[in-house]
Amino acid sequence: MGFHWIQQPFIQLAKVVKWCFKHSTTDYCPGWNRYFRVIYRPVGWLPLAGLMTIALALFITPSLWSIAGGIFGLWLIGLMWPKLSTWGVSADWCGGEPVVVEGEPIQLAVRIRNAWPTPLFGLAIVEEEQLPSEDGLEAEEEPRPPLALSKVNGLTRSTYELTWHLPRIGRIPQAQPLLECSFPFDVYRSRKAITVLDTTLVVPWSMDFNLTDRAAFRGTVLAFGEAGSQPGRDGDMTGLRPWYEGDSLRMVHWSQSARQGKLIVKQGGMPTQPRLRIVLSSADQKRGNLQAGHQRLLRRWLSTVGRTLLSQGNRLELYIENQWYPIAPGPSSLNRLLELMAECDLHEMICSRTEVASQRDLWDEGVWEFILGEDHTAAAMPTHSDWMAFHLPKLWTHGELPDFEDFESELEWCEKEFRLYWQACFSREDTHRVIA
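Residues numbered from 1 in each chain as written. Predicted model: local features only at pLDDT ≥ 70, side-chain atom pairs only at ≥ 80, totals over all residues. Heavy atoms only, no water.

A. Focus on the environment of Trp205. Of note, Trp205 is situated in the loop between β11 (200-203) and β12 (234-242). Here Trp205 falls in the buried class, since its relative accessible area comes to 0%. For the pair Trp205 and Glu104, spaced 101 residues apart in sequence, the C-alpha separation works out to 9.9 Å. (Helix = DSSP H or I, 4+ residues; strand = E, 2+ residues; numbered from the N terminus. Buried < 20%, exposed > 50% of the residue type's maximum accessible area, 1.4 Å probe, protein only.)

B. Just unusual backbone geometry, in detail. In this structure, the amide linkage connecting Ile172 to the following residue, Pro173, adopts the cis form with an omega of 0°. Looking at where Pro173 falls in the secondary structure, it is placed in the loop between β7 (170-172) and β8 (177-181). With a phi close to 55°, Leu155 is a non-glycine residue in the positive phi region. Note on placement: Leu155 falls in the loop between β5 (147-148) and β6 (156-164). A relative accessible area of 61% places Leu155 in the exposed class. Backbone geometry at Glu321 places phi at a positive 55°, although glycine is not the residue there. Examined against the element boundaries, Glu321 turns out to sit in the loop between β15 (315-320) and β16 (323-327).

C. Up close: the pairing of strand β20 (residues 387-391). Buried residues dominate β20, accounting for five of its five residues. Residue alternation in β20 divides its side chains into two sets, Trp387, Ala389 and His391 and Met388 and Phe390, and both sets are buried. Of the strand pairs in this sheet, strand β18 (residues 366-372) and β20 are connected by five bridges, and their pairing is parallel. Bridged to Trp368 within β20 is Met388. (Pairing = 2+ DSSP bridges.)

D. Spatial organisation of the environment of Arg113. Take Arg113: it is sitting in strand β3 (residues 106-114). In this structure, the C-alpha to C-alpha distance between Arg113 and Val89, residues 24 residues apart in sequence, is 5.7 Å. Every residue in contact with Arg113, bar those within four places of it in the chain, is listed here: Gly88, Val89, Ser90, Thr156 and Arg157. (Contact = heavy atoms within 4.5 Å.)

E. Examining the sheet that holds strand β9 (residues 190-193) more closely. The antiparallel open sheet is built from four strands, whose spatial order is β5-β4-β8-β9. Looking at strand neighbours, the two that pair on one side only are β5 and β9, the edges of this open sheet. Here strand β4 (residues 123-127) pairs with β8 via five bridges, running antiparallel. Opposite Ile125, over in β8, you have Leu179 as the bridge partner.

F. Spatial organisation of the sheet that holds strand β1 (residues 89-95). What the four strands build is an open sheet, ordered β6-β3-β1-β10; its pairing is mixed. Each having just a single partner strand, β6 and β10 (195-196) make up the two edges of the open sheet. The sheet contact formed by β1 and β10 spans two bridges and is parallel. When the sheet's bridge partners are listed, Trp93 is paired in β10 with Val196.

G. Focus on helix α3 (residues 46-59). For α3, built from 14 residues, the straight-helix expectation of 20 Å at 1.5 Å per residue is met to within 8% by its first-to-last C-alpha distance of 20 Å. Among all positions in α3, only Leu46, Gly50, Thr53 and Ala57 are buried. Relative to the axis of α3, the buried residues are bounded by an arc of 65° and lie together on one face. Among the exposed residues of α3, those oriented more than 90 degrees off its buried face are Leu51, Met52, Leu58 and Phe59. For α3, the secondary structure elements touched by its buried residues are α4 (65-87). (Expected span 1.5 Å × (residues − 1). Arc of directions from axis to C-beta.)

H. The packing of α3 against α4, seen in detail. Between α3 and α4, whose axes approach to 8 Å, the crossing angle comes to 160°. Regarding the angle of α3 to α4, the classification is roughly antiparallel. Between α3 and α4 the crossing geometry is left-handed. Side by side, α3 and α4 meet where Leu46, Pro47, Ala49, Gly50, Leu51, Thr53, Ile54, Ala57 and Leu58 of the first sit next to Trp65, Ile67, Ala68, Ile71, Phe72, Leu74 and Trp75 of the second. When its residues are assigned to classes, the contact of α3 with α4 shows 14 nonpolar, two polar and no charged. (Axes fitted to C-alpha atoms, helices over the stretch in contact; angles between N-to-C directions. Parallel < 35°, antiparallel > 145°, perpendicular 65-115°, else oblique. Left-handed = near helix turned anticlockwise from the far one by under 90°. Nonpolar A, V, L, I, M, F, W, Y, C, P; charged D, E, K, R; others polar.)

I. Main features of the pattern of salt bridges. The final tally for this structure, using the stated rule, is five salt bridges. A salt bridge links Glu343 to Arg171; the shortest N-O distance between them is 2.6 Å. Residue Glu343 is found in helix α7 (residues 333-343), and its partner Arg171 is found in strand β7; the two are separated by 172 residues along the sequence. With relative accessibility at 29%, the residue Arg171 sits in the partly exposed group. (Salt bridge = Lys/Arg side-chain N within 4 Å of Asp/Glu carboxyl O.)

J. Summary view of the pairing of β15. Taking burial as the measure, the six residues of β15 include six buried ones, the bulk of the element. Of the two faces of β15, both are covered, the one formed by Arg315, Glu317 and Tyr319 as well as the one formed by Leu316, Leu318 and Ile320. As paired strands, strand β14 (residues 275-282) and β15 are joined by four bridges and run parallel to one another. Note that in β15 the partner of Arg275 across the bridge is Arg315. In terms of strand pairing, β15 meets β16 through five bridges, oriented antiparallel. The residue bridging Ile320 from the neighbouring strand is Gln323, located in β16. Linkage of β15 to β16, two consecutive antiparallel strands, is achieved through a turn of two residues, within which Glu321 is found at a positive phi near 55°.

On their own, these measurements won't tell you what the molecule is for.
The following block contains the structure:
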């Protein structure tokens, strides 16, 4: 304790040094980088070399005017050629399969029409640069490098087929695709928007805990068979409700549908399918601290849970952006679940614990709540008979994920982690008791 006053100056000095190192690598003016980017390339010094040559031609020898003219001629070619190239070109983005599972090859095609009689070089496909959002949420995916194209012949229509092996989830293209040209000197980059005709949705990988066939865990089958009867078919009619995907057309109340301008179905008094609601909550009020790897992991987990429950004939409802999204068992139930998990904003799906606690009395149905941000063991904690709270492992939300050799090893790790967590939450008998 007597040396405490000696340690304090060194502690403060260490904090100052740490602060200096932290801010020495910070880019305080990111918007100005595009004005100085040309200096990083050798051809960016052409204007300076031209001005120096003009000065030498004025004060030393007039023969240098030809060299100055050649330098500025190269500069003008580097500025005008990309603009002329994209001005006479049009492109269409054609998607392949409308829905694919992450990890599968993505087949796409880009049709390019060149109206110039001369061939074009240096064309590339890029995505529109997205600025960071105001709330500081981290981007889910890193930007991809441009896709360079080979020579485009003059007065032709060329189709370029692209095959991607990208472990990403969501809509492709996520941003506006652009046709870019910076040929020949990369002095100026001219861009033109590509017309998007079809898109491809990459849905998260999922597995079914009820299946024992290892080949079925790769999520290649995107449909279930007809699973039982639809809700509200039995018993006397007790009311009306909007039509949800999976409801039978025989239950449609046509007169009310014509009056309201949308499909209305008759609600029976004896639903034959149990309903479960899934909520994702966080103990931390800040929802923007999930990295891209953790977001993909959570999407896979929620898709796996939903897939298992749907295969057992349960009716699901997901709480996203302050509203419930119903998913009824049926031929297209798995497609709807995976598409919803692929396109929803995961940060908007996460609720605060205070918000969930304030609405527990209103949610009188069976609810499964998955909690993030709390260091608890992987165990189910029943709050009452219709409410189950699950504390997700901290590794899934804030921990350091392993470095995977390839995408297959990542899926194998997810499969092992998901099975261990599912078994740790409840036994097989408890599973049937809770969800059936």
